[in-house]
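Remarks on the overall topology
As a plain string of letters, each chain reads:
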There are 2 protein chains.
Amino acid sequence: MPRFRATLAYDGTDFAGFQIQRRGRTVQGEVEGALARLAGRTRVALLGAGRTDAGVHALGQVVGFELERAMEPEALRRALNGLLPADVRVLDAARAAAGFHPRKSAVSKLYRYVLDLADVQPPQRARYAGHCPHTLDQAAVRAAAALYVGRHDFASLASSGSSAATTTRTVTRSEAVFEPGRLVYETEADGFLRKMVRSMVGGLVAAGRGATSVEALAQALLARARRGWPAPAAARGLTLVRVDYPSAAGQS
Amino acid sequence: MPRFRATLAYDGTDFAGFQIQRRGRTVQGEVEGALARLAGRTRVALLGAGRTDAGVHALGQVVGFELERAMEPEALRRALNGLLPADVRVLDAARAAAGFHPRKSAVSKLYRYVLDLADVQPPQRARYAGHCPHTLDQAAVRAAAALYVGRHDFASLASSGSSAATTTRTVTRSEAVFEPGRLVYETEADGFLRKMVRSMVGGLVAAGRGATSVEALAQALLARARRGWPAPAAARGLTLVRVDYPSAAGQS
C-alpha cells in the first residue's frame, strides 16, 4: 500500500496529547478519524515522530500512514485539512519510502520552550509560553543549559510513567537565549524522554532563580533519580519544532 | 480625585472591540466593571488611547481613570488583575497628572500587523496573524509601505462609519519586514482612523500580489474615497503595540 508522511502543526491547548488514549481528545485520534473518512475505512493507523504531552504544541510533528490508493500528496493535504478541526493542520504531505517510520527513522528532534519573564504575562502569550515573573541569573541559566549537552543518562529528568527501554539520550544542542521580557530555550537531541524537555527547563529556572546551584544540578543529573530534580515547566510553553531524517529517508 | 493611568494587554479574539457598545463584550466594559467593583461604585469611567476594533489585540493600550481614594499603583494593578477576566491584563499602573488624557495627550501610536504567508497557517498563529497564502512581490510591498509616510489625507483608508473631525494624519513610520514565512508590518503615526491600519495592510497585499500597482495605489490615496481602495486585512493580525506621550506627561 502507498505510504505517506505528513508534517503537522497543532495547538496543543485543547488536546490530551498526541497519542490516542482511552479518554480525551488527541491529535492522533483526530488525524486517524480524518484519514478513515477519507479512505472510507474503519481505521487508518497513524504513527507519530514524538508523543507530545497534553498542552504541548507542534509546528513540525511528522506522521506516517498507509492508504490503499495512491493519492497526489497535494490533494491529500487539502482533503485532510478540509476534514480536520481548526487546531490541527497538515502543512505538507509526501510519498514515503516503504521502510519509513516517523519515530524510528528520525535522526533528531528540535523542541523550543518560551518562558515569559515579565511581571504580568500578556494574555495573547498565555497559550504558547510559560510564565516566570522573576529575574533569572542569565549566566546560571546558560551554565545549566550547557550541562545537558552530550550523551547522558537522563533518568532524573524522565517522567515516572516513562516506558522507554533506555534513558540515555544524546543532546546536540541546548541553547538559552534571553530576549526582552522572555527566555527562549531550544534543544535538539536524538530523542527525548517523557517530560524531559520540560524538566530541562525546570532545571534552568531553578538555577536561574538560585533555588539550586549549577553544581547541585549536575549532581542531580548524575544521580539518575527523579526525586531531587526541579519540577517540570508548564506544558503550554513547549513546541515540537522540527524532526530531522537522513537526507535520503522518507521520500520515495 | 486621584487620576491613574494603566497599560493594558488584551487578546481581542473574544471582544467586540475596546469601546463599550450596546451589545457585545468589550475591553472598556470589563475594565470599568472591575474598577467599579474595586471602588464600590456604580460606574468608574474609563478613557482609552485607541478604540481598537473587534478582534484587534493590544500589548500597550493606555487607559486613564479616577478613583476616589489614593491607591498604591502596584496594589491597584494586582487588585484589578484579580478582578479581570484572563484575556485582559493590567501590565502596569501609575498616578497620572490631572490633565492627562490617554488619547488627547498621546503623541504617537505604534501598531503591528503580522501576516502569515505560508500555504497553510499553523493553528497556533491563527489567533494573532492574518493569512495570505500567496507569494508577495517584496519590492512592491515595500514601495507601497513608503507611500503612507508623511502627512496625508487618509480618507480613502477610513471606515465609512468614522466620526473623526479630520482624516489627515501624519505617519512617521511604515515598515514592512519579510521574515521566513511571514510579513511583519509596523506603522507609527500621530493617530489612526478607524480600520486605517488594516486598510494600509490591504494596500500592501494588493500591491504585493499585483492586483494593483504602486502608482494606482498612490492615485487611490489621493482620491480620498473609500471606493477603489483594496479591502482591509483581517482584524486578528493587528496589535496596538505602544502609545507614546511627551516625556513629562502622564506622570505626577
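Given the structure is predicted, the values throughout are model-derived calculations rather than measurements. (Residues numbered from 1 in each chain as written. Chains lettered and ligands numbered in written order. Predicted model: local features only at pLDDT ≥ 70, side-chain atom pairs only at ≥ 80, totals over all residues. Heavy atoms only, no water.)

**Focus on the relation of the copies chain A and chain B**
- For the pair chain A and chain B, the best superposition has an RMSD of 0.0 Å and corresponds to a rotation of 180 degrees with a translation of 0.0 Å parallel to the axis. Taken together, the rotation angle and the small translation identify this as a two-fold axis.
- Interface residue correspondence from chain A to chain B reaches 100%, placing this contact among same-surface, isologous pairings. (Least-squares fit on C-alpha atoms with pLDDT ≥ 70 in both. Contact = heavy atoms within 4.5 Å.)

**Some points on the packing of aromatic side chains**
Residues and elements named next belong to chain A.
- Summed over all chains, the structure comprises 13 aromatic pairs over all chains.
- An aromatic cluster is built from Tyr 10, Phe 15 and Phe 18, whose rings are joined through pairwise contacts.
- Just above the ring of Phe 4 sits the side chain of Arg 95; from NZ or CZ to the centre is 5.5 Å. (Phe/Tyr/Trp six-rings, centres within 6.5 Å; stacked < 30°, edge-to-face > 60°. Lys NZ or Arg CZ within 6 Å of the ring centre and 35° of its normal.)

**So, the interface of chain A and chain B**
- With 22 residues of chain A in contact, the opposing surface of chain B contributes 22 residues.
- Sorting the residues of chain A by area buried against chain B places Val120(A), Pro123(A) and Gln124(A) first, and these three jointly supply 41% of that buried surface.
- The interface formed by chain A and chain B contains 2 salt bridges.
- Taking the shortest distance from any N to any O, the salt bridge between Arg77(A) and Asp119(B) comes out at 3.8 Å.
- The interface formed by chain A and chain B includes 4 residue pairs in polar contact (both at pLDDT 80 or more).
- Counting only elements with at least two residues in the side of chain A that touches chain B, the list comes to β1 (3–10), β3 (57–66), α2 (73–83) and β4 (88–95) of chain A.
- Ranked by residues supplied to the side of chain A that touches chain B, first place goes to β4(A) with 4 residues.
- Tallied by class, residues from the side of chain A that touches chain B come to 12 nonpolar, 4 polar and 6 charged. (Buried area = accessible area lost by both parts, 1.4 Å probe. Salt bridge = Lys/Arg side-chain N within 4 Å of Asp/Glu carboxyl O. Polar contact = N/O pair within 3.5 Å; in protein donor to acceptor, adjacent residues only side chain to side chain. Helix = DSSP H or I, 4+ residues; strand = E, 2+ residues; numbered from the N terminus. Nonpolar A, V, L, I, M, F, W, Y, C, P; charged D, E, K, R; others polar.)

**Notes on the environment of Ala98(A)**
Residue and element names in this part refer to chain A.
- Following the sequence through the fold, Ala 98 ends up in the loop between β4 and β5 (108–116).
- On the basis of relative accessibility, which here comes to 67%, the residue Ala 98 falls in the exposed class.
- C-alpha of Ala 98 to C-alpha of Thr 13: the two residues are 85 residues apart in sequence and 33 Å apart in space. (Buried < 20%, exposed > 50% of the residue type's maximum accessible area, 1.4 Å probe, protein only.)

**What about unusual backbone geometry?**
- Even without being a glycine, Arg224(A) presents a positive backbone phi close to 50 degrees.
- As for its placement among the helices and strands, Arg224(A) is situated in the loop between α5 (214–223) and β10 (238–244).
- Using a relative accessible area of 53% as the deciding quantity, one classes Arg224(A) as exposed.
- The backbone of Lys195(B) sits at a positive phi, close to 65 degrees, despite the residue not being glycine.
- Considering the arrangement of structural elements, one finds Lys195(B) in the loop between β9 (182–189) and α4 (196–209).
- A relative accessible area of 31% means that Lys195(B) is categorised as partly exposed.

**Digging into the environment of Phe154(A)**
Residue and element names in this part refer to chain A.
- Secondary-structure assignment places Phe 154 in the loop between β7 (150–153) and β8 (168–179).
- The spatial distance from the C-alpha of Phe 154 to the C-alpha of Thr 167 is 5.5 Å, given a sequence separation of 13 residues.
- Phe 154 has contacts with Tyr 148, Thr 167, Arg 169, Val 171, Leu 193, Met 196 and Leu 221, leaving out every residue within four places of it along the chain.

**A few points about the domain arrangement of chain A**
Residue and element names in this part refer to chain A.
- Per the domain assignment, the segments of chain A are domain 1 (3–104) and domain 2 (108–242).
- Placing a centre on the C-alpha atoms of domain 1 and another on those of domain 2 gives a separation of 27 Å.
- Each side of the interface is counted separately: domain 1 has 16 residues, and domain 2 has 15 residues.
- The largest per-residue losses of area from domain 1 upon contact with domain 2 belong to Asp 53, Val 56 and His 57, which jointly make up 41% of the total buried on that side.
- Measuring nitrogen to oxygen at the nearest pair gives 3.1 Å for the salt bridge that ties Arg 127 to Asp 11.
- At the junction of domain 1 with domain 2, the criterion picks out 11 residue pairs in polar contact (both at pLDDT 80 or more).
- Here the side of domain 1 that touches domain 2 is built from residues that sort into 5 nonpolar, 7 polar and 4 charged. (Domains from an automatic or database assignment.)

**Things to note about helix α3 (residues 138–147) of chain A**
All names here are of chain A.
- All buried positions along α3 are accounted for by Ala 140, Val 141, Ala 144 and Ala 145. One face of α3 carries all of its buried residues, which in axial projection span an arc of 140 degrees.
- Looking at the buried side of α3, the elements it contacts are β8, β9 (182–189), α4 (196–209) and α5.
- At the N-terminal end of α3, a side-chain oxygen is found 3.0 Å from the backbone nitrogen of Ala 139, two or three residues along, and the residue is Asp 137. (Arc of directions from axis to C-beta.)

**A few points about the pattern of salt bridges**
- Evaluation of the coordinates by the stated rule reveals 38 salt bridges over all chains.
- One salt-bridge network, in which partners are shared between bridges, spans Glu74(A), Arg77(A), Arg78(A) and Asp119(B).

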